[in-house]
Amino acid sequence: MEQRVLGRTGRQVSVVGLGTWQLGADWGSVDEGDALAVLAASVEAGVTFFDTADVYGDGRSEQLIGRFLRENPDSGVVVATKMGRRQAQEVERYNLDNFRAWNDRSRANLGVDTLDLVQLHCPPTVTYSTDRVFDALDTMVEEGRIASYGVSVETVDEALAAIAREHVASVQIILNAFRLKPLERVLPAALDAGVGIIARVPLASGLLSGRYTHDSVFAADDHRNYNRRGESFDVGETFSGVDYDTGVEAAVEFSALVPAGTTPAQAALRWIIQQPGVTTVIPGARNVAQAEANAAAASVPELDADTLKAIAELYDRRIRPQVHDRW
Ligand SMILES: NC(=O)c1ccc[n+]([C@@H]2O[C@H](COP(=O)([O-])OP(=O)(O)OC[C@H]3O[C@@H](n4cnc5c(N)ncnc54)[C@H](OP(=O)(O)O)[C@@H]3O)[C@@H](O)[C@H]2O)c1
């Protein structure tokens, strides 16, 4: 699979990585066997980048990855984790003592001495202008606890503030055919600065696969059931902030634009990886079939100019009014 340098980490990662929130919690249940099979199938298909977080299943996702790494010591996978959301969201808590404690826990979960990449996990906005936080992250690198650090952001303004920080290696942001705003300023700024871009929620929580209908039912412990209006965390993380029924109808139109031989989910991933400035896209997968199909998106033909134009027009008509000015 095509590899790209992940910004200031200097590490090569596959253009299609794997998001592992599903292997923790919040997406209905994924049993341990299926979770380990998803990791193995992804690597088998050429994936060399996993995204996780200390909070996914309160450590379950990290622990499963740790087990996979132990059992596959030569996998060559770069693992990005996140820290900061197992606590109240107050900037004072983003301090060196807490960073060290969170880092000890993630290193134990993952079974490594040094984390490849740790991302602040959508911290409060004031964090981006707080020098002490980034000084503490520099200290973590000096101590050998982390090789590099980045930030997972909610808004384009936060992304631009993170990119302006001298040692931020990567920015993780929602970017998909239903979330176009990062194309305007974030991707060009990241390219200029040499900061990696990790595109999350690439399928708009599955909407862009075109599989869901107005009547689809999601499990009670699936955020697509319990966070549709942002009841538990930022609503932008659920269906990319698009109202569900609007999203279902727009996904039908999106599916009609997809070239023969490519599935809508693969076209959605292909759309992302051909945007200049994107390093890697991290679809979540709940089973082996999804993991394999997503990895295969790296080798489907590029979308042509007419298709790109039609996707932008669909966004302008159906999605932009709901999301463009929010994040
Ligand atoms: N704040 C943050 O930093 C943050 C927030 C959100 C996500 N993330 C990261 O980004 C990753 C990706 O985002 P996401 O998982 O939220 O959303 P996503 O990748 O847009 O959607 C994942 C869902 O899409 C469906 N799907 C996946 N592959 C498919 C395929 N080939 N064909 C049909 N359907 C497919 C599955 O739905 P079903 O479950 O219905 O099968 C899956 O659960 C996460 O796993 C996580 O690592 C980070």
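Preceding block: the structure.
This part is about the sheet that holds strand β3 (residues 18-19). Pairing is parallel in the open sheet, where 8 strands are placed in the order β3-β4-β5-β6-β7-β8-β9-β10. Every other strand in the sheet has two partners, leaving β3 and β10 (280-281) as the edge strands with one partner each. Inspection of the sheet shows strand β5 (residues 78-83) paired to strand β6 (residues 117-121) by 4 bridges, in the parallel sense. Bridge pairing links Met83 to Leu120 in β6. Contacts from helix α4 (residues 131-142) reach β5, β6, β7 (149-152) and β8 (168-174) within the one sheet, and its direction differs from that of β7 by about 135 degrees. Against the sheet, helix α5 (residues 156-163) engages β7 and β8, with an angle of about 170 degrees to β8.

This part covers the nonpolar core. The biggest cluster of nonpolar side chains holds 88 residues, and the ones touching the most others in it are Phe99, Val171 and Phe254. Here this core takes 7 residues from helix α9 (residues 264-273), the largest share from any one element. Excluding anything up to four places from it in sequence, Phe254 contacts Ala177, Leu208, Pro264, Ala267, Ala268, Ile311 and Leu314. One finds Leu6, Val13, Ala80 and Ile198 within the second-largest nonpolar core, a separate group that totals 9 residues.

Bringing the site of the ligand into the picture now. The environment of the ligand is made up of 32 residues, and the closest members are Asp51, Ser152, Leu203, Tyr212 and Arg286. At 3.4 Å from an oxygen atom of the ligand is found a side-chain nitrogen or oxygen belonging to Gln172. Leu203 places a main-chain nitrogen or oxygen 2.7 Å from an oxygen atom of the ligand. Protein chains shield 94% of the accessible area of the ligand, which is 910 Å² for the free molecule. Looking at the shell around the ligand, the element that brings in the most residues is helix α10 (residues 288-296), giving 3 residues. Of the residues assigned to the shell around the ligand, the class counts are 13 nonpolar, 12 polar and 7 charged.

Quick look at the pairing of β7 now. Across the two faces of β7 the burial is the same, with Tyr149 and Val151 and Gly150 and Ser152 all buried. By the bridge criterion, 4 bridges tie β6 to β7 in an arrangement that is parallel. Note that in β7 the partner of Leu120 across the bridge is Val151. As paired strands, β7 and β8 are joined by 3 bridges and run parallel to one another. Residue pairing across strands places Ser152 opposite Gln172, the latter belonging to β8. Traced from β7 through α5 to β8, the parallel crossover comes out right-handed.

Structurally, Glu2 is set in the segment before β1 (3-5). Note on Glu2: relative accessible area 41%, which makes it partly exposed. Sequence separation between Glu2 and Gly284 is 282 residues; the distance between their C-alpha atoms is 19 Å. Residues within four places of Glu2 in sequence aside, it is in contact with Val13, Ser14 and Val15. A distance of 2.9 Å separates a polar atom in the side chain of Glu2 from a polar atom in the side chain of Arg4.

Any two aromatic rings considered together are summarised by their centre-to-centre distance and by the angle between their planes. In total, this model carries 11 aromatic pairs according to the counting rule given. On the basis of an interplanar angle of 20 degrees and a centroid distance of 5.8 Å, the ring pair of Trp21 and Tyr56 is categorised as stacked. In this pair, Trp21 sits in the loop between β3 and α1 (32-44) while Tyr56 sits in the loop between β4 (49-51) and α2 (60-71), placing the two residues 35 residues apart along the sequence. The burial state of Trp21 is the same as that of Tyr56; both residues are buried. Taken together, the ring pairs in this structure connect Trp21, Trp27, Tyr56 and Phe233 into an aromatic cluster.

Turning our attention to α1. In this model α1 runs 18 Å from its N-terminal to its C-terminal C-alpha over 13 residues, within 8% of the 18 Å that 1.5 Å per residue would give. Turning to α1, its buried residues number three or more, namely Ala35, Leu36, Val38, Leu39, Ala41 and Ser42. In this structure, the buried residues of α1 make contact with β3, β4, α2 and α10. Near the N-terminus of α1, the side chain that reaches the backbone nitrogen of Gly33, with its oxygen 3.0 Å away, is that of Asp31.

What follows deals with the packing of helix α3 (residues 96-110) against α4. For the pair α3 and α4, interaxial distance at closest approach is 9 Å and the crossing angle is 45 degrees. Here α3 lies oblique to α4, going by the angle between them. Judged by the twist between their axes, the crossing of α3 over α4 is right-handed. The segment α3 lies against α4, with Leu96, Phe99, Arg100 and Asn103 engaging Val133, Ala136, Leu137, Thr139 and Met140. Tallied by class, residues from the contact of α3 with α4 come to 6 nonpolar, 2 polar and 1 charged.

Here is what the cut-offs are and how they apply
- Residues numbered from 1 in each chain as written.
- Predicted model: local features only at pLDDT ≥ 70, side-chain atom pairs only at ≥ 80, totals over all residues.
- Heavy atoms only, no water.
- Pairing = 2+ DSSP bridges.
- Helix = DSSP H or I, 4+ residues; strand = E, 2+ residues; numbered from the N terminus.
- Contact = heavy atoms within 4.5 Å.
- Axes fitted to C-alpha atoms, helices over the stretch in contact; angles between N-to-C directions.
- Core = buried A, V, L, I, M, F, W, Y, C linked by side-chain atoms within 4.5 Å.
- Buried < 20%, exposed > 50% of the residue type's maximum accessible area, 1.4 Å probe, protein only.
- Near = heavy atom within 4 Å.
- Polar contact = N/O pair within 3.5 Å; in protein donor to acceptor, adjacent residues only side chain to side chain.
- Areas by Shrake-Rupley, 256 points an atom, 1.4 Å probe, with all protein chains shown as cover.
- Nonpolar A, V, L, I, M, F, W, Y, C, P; charged D, E, K, R; others polar.
- Right-handed = clockwise from strand over helix to strand, strands pointing away.
- Phe/Tyr/Trp six-rings, centres within 6.5 Å; stacked < 30°, edge-to-face > 60°.
- Expected span 1.5 Å × (residues − 1).
- Parallel < 35°, antiparallel > 145°, perpendicular 65-115°, else oblique.
- Left-handed = near helix turned anticlockwise from the far one by under 90°.

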